[in-house]
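A structural walkthrough
The chain contents come next:
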Amino acid sequence: MPEVRMTGTEAGAGIKTGAGAEAKIESGTESAGARHWVGAWSIAHTSLFRLPVGFDNQTFRTVVQLNLPGSALRVRVSNRYGREAVQIGAAAVSYAGADGILAGDTVPLLFDGVPWIRLAPGEERFSDAASLETFPGCRIAVDLHYPGRGRFISGNVFPAWHKASETGLHVGERHFPTRDGFRVRRLQNRILPATIGILAGVDVHAPTSCRAVVAFGDSITALNQWTSVLAERLLVEMPGVLSLLNQGISGNRLLHDADSGFGKGIYGPAGILRFERDALAQSGVATVISLIGVNDLLQPGLTAPREQEQDAESLVNGMRGLIHLAHEKGVRILGGTIMPFGGYLLALTPEREAVRQAVNGWIRQGGEFDGVIDFDLAVRNPVSPERLTDHWHVGDRLHPNAQGGRVMASVIHPRFLVE
């Protein structure tokens, strides 16, 4: 494998940072050179314009677990795909339990020194630094109150622990008055869970030895089956060293935007176009795990135009584009082989399986990625290698279940992520 110099990237390419953040850090007891901002948790944003994700004078609480020691933290908020401005009236961070009940101090979040912010369409911002220390294994609750009425257009449909409140300002309340979800009439009054909107990430001010690993891909990554297991392994085997940032978007393809059909907007921009912003612009990123390409094969004729059928050369060239962008930033990129999808909605054809095998052969033997994670070999059925192993998927023969996720994570040695 070629040696790659890992300089990482500074956070905030195209993202505004509150002036108070740096001022507060500079006045601390540790020198600014001894620490840097590192992404400790994130979620990829996409367009939710087709989903009924609304708010009406409500507070939203998201609880995330961190693996990095920090002297302070900051929160990233995004209205990247928004069509109207969104106002956050109050925000705070607190220690919390897994059940969302606050377990300690609550620290208000400020934006350029004030406790509220109005995000214009397309705008992303970091809060000022908040004086809440973090440590491996700690859980942090982020409370955001939206005083008006509107819709979240920028967000993600696969949140972590995330709840919407009953009407009113409930920032910093120990016991969160949770609303069950959103009743949608056109879906037979089905109640949908609260979807993450606006919140995009949490950074910590950590020692320079701490770095971030980005998992970049589609729903196989966004569903969090293998990434949650890997994150727990990092917490146990490498506490305080690496964070894992999930930047998966359901339905995402490497080469085409979701600009038509069922997944319009929701499936996100082409991976090659969002890679720099979603992966390489994360704070303190050292390594990217790329697992993308299955939707380029199976979507044409289902949720994408038939003429967008891909051959091996196109997919390989797209992956080369990811490698080039990563290396330009001094970031290692590990290639994940495309997993089998035989039996999924009749999407597999002999021609598509041949393309998958050719692309996987290049990933394994081409020597262009800085390392290979052979997810395909780990999860395929030994008798029918075009299919996932039985009982390792959620029933659709495409998405891994908890057991499949454990198998996927088992082939990644944590120290391989930093060597």
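Residues numbered from 1 in each chain as written. Predicted model: local features only at pLDDT ≥ 70, side-chain atom pairs only at ≥ 80, totals over all residues. Heavy atoms only, no water.

Thoughts on the overall build of the chain
- When helices and strands are counted, the chain shows 9 helices and 23 strands.
- Split into buried and exposed, the 419 residues of the chain put 56% on the buried side.
- Long-range pairs, those at least 24 residues apart, make up 81% of the contacts in the chain with a sequence separation of at least 6.
- Accessible surface for the chain amounts to roughly 16,800 Å². Of this, 52% is attributable to carbon and sulfur atoms. (Helix = DSSP H or I, 4+ residues; strand = E, 2+ residues; numbered from the N terminus. Buried < 20%, exposed > 50% of the residue type's maximum accessible area, 1.4 Å probe, protein only. Contact = heavy atoms within 4.5 Å. Areas by Shrake-Rupley, 256 points an atom, 1.4 Å probe, with all protein chains shown as cover.)

Considering the layout of surface pockets
- Considering only enclosed or pocket space, the second largest pocket measures out at about 750 Å³ in volume.
- Trp41, Ala160, Asn224, Ser228 and Ala231 are, among the 32 residues lining the second largest pocket, the residues nearest its centre.
- Looking at the lining of the second largest pocket, the elements with two or more residues in it are β2 (35-42), β4 (54-65), α3 (225-237) and β20 (242-248).
- Per-class residue counts for the lining of the second largest pocket are 20 nonpolar, 10 polar and 2 charged. (1 Å grid on protein atoms, 1.4 Å probe; cavity = no way out; pocket = protein on both sides within 12 Å on 5 of 7 lines; lining within 4 Å. Points joined across faces, edges and corners; volume = space filled by probe spheres on them. Nonpolar A, V, L, I, M, F, W, Y, C, P; charged D, E, K, R; others polar.)

Topic: empty space enclosed by the protein
- Taken as a whole and assessed by the stated rule, the structure comprises 5 cavities of 30 Å³ or more.
- Reported here for the largest cavity is a volume of approximately 70 Å³.

Focus on the pairing of strand β13 (residues 161-167)
- Note that β4 and β13 share 5 bridges and pair antiparallel. For Thr62, the partnering residue across the bridge sits in β13 and is His162. (Pairing = 2+ DSSP bridges.)

Description of the pattern of salt bridges
- Under the criterion given, the structure shown has 21 salt bridges.
- With a shortest N-O distance of 3.7 Å, Glu123 and Arg125 are connected by a salt bridge. Comparing Glu123 with Arg125 shows no difference in burial state: the two are buried.
- Its salt-bridge partner being Arg179, residue Glu166 comes within 3.9 Å of it at the nearest N-O pair. Highlighted residues: Glu166 in strand β13 and Arg179 in strand β14 (residues 178-179), separated in sequence by 13 residues.
- Since its relative accessible area comes to 25%, Arg179 is described here as partly exposed.
- Salt bridges sharing common partners tie together Glu353, Arg356, Arg364, Asp374, Asp376 and Arg380. (Salt bridge = Lys/Arg side-chain N within 4 Å of Asp/Glu carboxyl O.)

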